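# Understanding the architecture of this molecule
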Amino acid sequence: MDDRVLDLTEAQKTVKSKYPPINKKYECKIHSWGGSLEEAFEQCAMGMFGYMTDTETVEPTDTVEVESEGEDMESLLFHFLDDWLYKFSADLFFIPREIKVLHIDRMRFKIRSIGWGEEFSLEKHPQGTEVKAITYSAMQIHDKEKPEIFAIIDI
């Protein structure tokens, strides 16, 4: 069975390199919400990690803190997601099972958060879609009775 999986992976690589890239005209949008803006931010980050792997396979054996800042709420969200993406893709290969926003300073546009998880491992965590970058495209933050966030990530 493992040989068939490896063969399929090789077949996928062969097909991908044989033809020109596909012109993709779609986007991956994250829509998150919560009982507070803090929870909506948490869920937005977890939505991003949900594209990368099944976060239910992650054990909360380590913690990582992330502090981000921006010039307004949209740039704060951008930097918050980007800083968490950095912890995964360039720094620690850290994949969280849960992220908790400790504080959002709405006047100075700063956010403190903590994540519980572990180092990403292909042996343990299913590989999902690679997230290349965060974008400002169609970004929306609705801080009302039911806070909602819309963000598009580049995959």
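Residues numbered from 1 in each chain as written. Predicted model: local features only at pLDDT ≥ 70, side-chain atom pairs only at ≥ 80, totals over all residues. Heavy atoms only, no water.

The chain is annotated in an unreviewed UniProt entry as Protein archease from Oreochromis aureus. The heading Subunit (unreviewed entry) in the UniProt record of the chain holds the text "Component of the tRNA-splicing ligase complex." Word for word, the UniProt comment on the chain under Sequence similarities (unreviewed entry) is "Belongs to the archease family." (UniProt positions renumbered as here; feature names shortened; annotations may be inferred.)

A word on the sheet that holds strand S3 (residues 94-105). What the 3 strands build is an open sheet, ordered S2-S4-S3; its pairing is antiparallel. Each of the sheet's edge strands pairs with one partner strand only, and the pair in question is strand S2 (62-69) and S3. Sheet twist, expressed as the average angle between the axes of neighbouring strands with direction ignored, equals 20°. Looking at chain direction, S3 and strand S4 (residues 110-119) are connected through 10 bridges and run antiparallel. Considered in S4, the bridge of Ile 95 is made with Glu 118. (Pairing = 2+ DSSP bridges. Helix = DSSP H or I, 4+ residues; strand = E, 2+ residues; numbered from the N terminus. Axes fitted to C-alpha atoms, helices over the stretch in contact; angles between N-to-C directions.)

Turning our attention to the layout of surface pockets. Reported here for the second largest pocket is a volume of approximately 190 Å³. The wall of the second largest pocket is formed by Met 52, Leu 85, Phe 88, Ser 89, Phe 93, Phe 120, Gln 127, Gly 128, Thr 129, Glu 130, Val 131 and Lys 132. Each residue belonging to the lining of the second largest pocket can be placed in one class, and the counts come to 6 nonpolar, 4 polar and 2 charged. (1 Å grid on protein atoms, 1.4 Å probe; cavity = no way out; pocket = protein on both sides within 12 Å on 5 of 7 lines; lining within 4 Å. Points joined across faces, edges and corners; volume = space filled by probe spheres on them. Nonpolar A, V, L, I, M, F, W, Y, C, P; charged D, E, K, R; others polar.)

A word on the environment of Glu 145. With respect to the helices and strands, Glu 145 occurs in the loop between strand S6 (140-142) and strand S7 (148-154). Each C-alpha atom of the pair Glu 145 and Gly 34 lies 9.5 Å from the other, and the pair is 111 residues apart in sequence.

Between its first and last C-alpha, helix H3 (residues 73-91) extends 25 Å over 19 residues, near the 27 Å set by a 1.5 Å rise per residue. Within H3, burial applies to Met 73, Ser 75, Leu 76, Leu 77, Phe 78, Phe 80, Leu 81, Trp 84, Leu 85, Lys 87 and Phe 88. Capping of H3 at its N-terminal end is provided by Asp 72; its side-chain oxygen lies 3.3 Å from the backbone amide nitrogen of Glu 74. Phi turns positive one or two residues past the end of H3, at Phe 93, with a value near 55°. (Expected span 1.5 Å × (residues − 1). Buried < 20%, exposed > 50% of the residue type's maximum accessible area, 1.4 Å probe, protein only. Polar contact = N/O pair within 3.5 Å; in protein donor to acceptor, adjacent residues only side chain to side chain.)

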